[in-house]
Amino acid sequence: MGDSVKRALITGITGQDGSYLAEFLLSKGYEVHGIIRRASTFNTQRIDHIYQDPHHPDARLFLHHGDLSSTEWILSLIYALAPEEVYHLAAQSHVRVSFDMPEYTGDITGLGTMRLLEAIRRSGCKTRFYQASSSEMFGSASPPQSETTAFQPRSPYAAAKVYAYWMTRIYREGYGLHAANGILFNHESPRRGETFLTRKITRGVASILAGKENTLYLGNLAARRDWGYAPEYVEAIWKIVQQDTADDYVLGTGVAHSVQEFVEEAFSYAGLDWKRHVKTAERYFRPLEVDVLIADRAKALEKLGWEPRITFRDLVAIMVDADVEAVGLPSRGRGEAILEEKIGAWNRWQNSVTRVAQAVQGQASQH
């Protein structure tokens, strides 16, 4: 590996954002390292299509087993790799689950960030650090929310993210680390976890079309969110880290839609009447709801030149098409056409959707 090749470390590389970021960085010629948790089952489906045997002379993606609960292990890894860039995406990121597992959420989502920052500080490496902050930190603050909006968290997840946000700023301002926060509003894709709201909706649509289910149970249909397409946000994350001076940025579309609107668009796109299939269930409501999140993205536009291209309707079409194809049915095809028209070559339907679906089914190595 030549000296001119940048080395990046990604925590949460097997998640939605981590897998897209790995693809994006590889497309830019990076050597990419990822931290994955030891588990009794393989959980690398989202990156199987880009993984190479580490013994291969051209391998540029390497995985390291570990977790964020040990500062010493993290420090050893930072020493060994001396990465130019660290992208910290790992977290217990399911908001509803954080009410059931507040201690674990605080340990991994909050303290995990501090451990990484402390390891970078102690190593002396000139590493640039990115912290994946969340719009959930704004909670009940009035929209639109910007970089100067006061946080009013309304979940253990959001509170842990607020801690991580401030630790990032403290290490930047107190120790001079190049440490930046990206405050991302809801960003979705066919790789979103199956228990997350948007994916639950689009999988529900596909299951109903396939005759496997007839009813989809959801929580609060009135909540309004600013939804965008995850691969576009990954491009912005990279831009944040490339800035000469580390800073904090809000990333979003600036447009909000209700959960019901997402449901209506997904079912309508598939030719279904949502009112015949969707019911609400108390178990899916949060103890504390966040009513409206809308990004004020002016700073990202001005400083990064970043502007999302995928619209709300585009996003829904992409996700419905992907889940319909995943159950073996032909999709309407609009999702693939949208990616061809609006997104760079690194994020095409074949590599971004089809091959990942095949990996989930254990077929990726055959294609």
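Definitions and cut-offs
Residues numbered from 1 in each chain as written. Predicted model: local features only at pLDDT ≥ 70, side-chain atom pairs only at ≥ 80, totals over all residues. Heavy atoms only, no water. Helix = DSSP H or I, 4+ residues; strand = E, 2+ residues; numbered from the N terminus. Rg over C-alpha atoms; globule rule 2.2 N^0.38 Å. Contact = heavy atoms within 4.5 Å. Areas by Shrake-Rupley, 256 points an atom, 1.4 Å probe, with all protein chains shown as cover. Lys, Arg positive; Asp, Glu negative; His and termini not counted. Charge placed at Lys NZ, Arg CZ, Asp CG, Glu CD. Salt bridge = Lys/Arg side-chain N within 4 Å of Asp/Glu carboxyl O. Buried < 20%, exposed > 50% of the residue type's maximum accessible area, 1.4 Å probe, protein only. Pairing = 2+ DSSP bridges. Axes fitted to C-alpha atoms, helices over the stretch in contact; angles between N-to-C directions. Parallel < 35°, antiparallel > 145°, perpendicular 65-115°, else oblique. Left-handed = near helix turned anticlockwise from the far one by under 90°. Expected span 1.5 Å × (residues − 1). Core = buried A, V, L, I, M, F, W, Y, C linked by side-chain atoms within 4.5 Å. Right-handed = clockwise from strand over helix to strand, strands pointing away.

The helix and strand inventory of the chain stands at twelve helices and 13 strands. Against the globule reference of 21 Å for 367 residues, the chain gives a C-alpha radius of gyration of 20 Å, in line with a compact fold. If you line up the chain on its principal axes, its C-alpha atoms span 60 × 50 × 40 Å. Restricting the contact set of the chain to residue pairs at least 6 apart, pairs at least 24 apart contribute 78%. Accessible surface for the chain amounts to roughly 15,800 Å². Of this, 48% is attributable to carbon and sulfur atoms. The distance from the centre of the 41 positive side-chain charges to the centre of the 44 negative ones in the chain is 2 Å.

Attention shifts here to the pattern of salt bridges. Tallied over the entire structure, the rule returns 24 salt bridges. Linking Glu85 and Lys6 is a salt bridge whose minimum nitrogen-to-oxygen distance equals 3.3 Å. Of this pair, Glu85 sits in strand β4 (residues 85-88) while Lys6 is found in the segment before β1 (7-11), placing the two residues 79 residues apart along the sequence. We classify Glu85 as buried; its relative accessible area is 1%. Here Arg297 makes a salt bridge to Glu307, at a shortest N to O gap of 3.7 Å. Taken together, the positions of Arg297 in the loop between β13 (278-280) and α9 (298-304) and Glu307 in the loop between α9 and α10 (312-326) put the pair ten residues apart, joining distant regions of the chain.

This paragraph deals with the environment of Thr280. You can see Thr280 is positioned in strand β13. Taking the C-alpha atoms as reference points, Thr280 and Met137, 143 residues apart in sequence, are found 26 Å from one another. Excluding anything up to four places from it in sequence, Thr280 contacts Leu218, Gly219, Leu221 and Phe285.

Looking now at the sheet that holds strand β11 (residues 248-251). Overall, parallel pairing links the seven strands, which are arranged β3-β2-β1-β4-β5-β6-β11 in an open sheet. In this open sheet, the two edge strands, each paired with only one partner strand, are β3 (61-65) and β11. Neighbour-to-neighbour, the strand axes of this sheet turn through a mean angle of 20°, independent of strand direction. Sheet topology note: the β1/strand β2 (residues 31-36) ladder contains five bridges and is parallel. Counterpart to Ile10 in the pairing with β2 is Gly34. Relative to the sheet, helix α1 (residues 16-27) contacts β1, β2, β3, β4 and β6 (178-184), its axis offset from that of β1 by approximately 170°. On top of the sheet, helix α2 (residues 71-81) reaches β1, β2, β3 and β4; it is set at about 160° to β1, its chief contact.

Two elements in contact, helix α4 (residues 102-123) and helix α5 (residues 156-175), have axes separated by 8 Å at closest approach and are oriented at 10°. One finds that α4 runs roughly parallel with respect to α5. The crossing of α4 and α5 is right-handed. Along its contact with α4, which presents Pro102, Thr105, Gly106, Thr109, Gly110, Leu111, Thr113, Met114, Leu117, Glu118 and Arg121, the element α5 presents Pro156, Tyr157, Ala160, Lys161, Tyr163, Ala164, Met167, Thr168, Tyr171 and Tyr175.

Look at α1: 17 Å from first C-alpha to last across twelve residues, which is about the 16 Å you get at 1.5 Å a residue. The element α1 is extensively covered by neighbouring structure, given that eleven of its twelve residues are classed as buried. One or two positions beyond α1, positive phi appears at Gly29, with a value near 90°.

Before going further, it helps to spend a moment on the nonpolar core. Of all hydrophobic cores here, the largest spans 36 residues; its most connected members are Ile10, Ile13, Leu25, Val32, Tyr87, Tyr130 and Leu251. Of all the secondary-structure elements, those providing two or more residues to this core are β1, α1, β2, β5 (128-134), β6, α7 (230-242), β11 and α9. Leave out the neighbours within four places in its chain, and Leu251 touches Ile183, Leu184, Phe185, Tyr233, Ala236, Ile237, Ile240, Ala295, Ala300, Leu304 and Trp306.

In terms of burial, β1 is largely enclosed, as four of its five residues are buried. Once the chain exits β1 it traverses α1 before rejoining the sheet at β2, and the crossover so formed is right-handed.

The buried fraction of β2 amounts to six of the six residues, a majority that puts the element mostly inside the structure. Residues Glu31, His33 and Ile35 line one face of β2 and the alternating positions Val32, Gly34 and Ile36 line the opposite face, and both faces are buried. As defined by bridge partners, β2 adjoins β3 across five bridges and the pair is classed as parallel. Residue pairing in the sheet places Gly34 in a bridge with Leu63 of β3.

Glancing now at unusual backbone geometry. Here Pro143 and Pro144 are connected by a cis peptide whose omega angle stands at -5°. Summarising the element assignment, Pro144 is placed in the loop between β5 and α5. In this model, Ala82 sits at a positive phi of 45°, which is unusual for a non-glycine residue. Mapped onto the elements of the fold, Ala82 is located in the loop between α2 and β4.

Let's shift gears to the environment of Thr198. Its location among the elements puts Thr198 in helix α6 (residues 197-209). When its relative accessible area of 2% is taken as the criterion, Thr198 is described as buried. The contact partners of Thr198, leaving out residues within four places of it in the chain, are Glu188, Arg192, Trp227, Phe262 and Met319.

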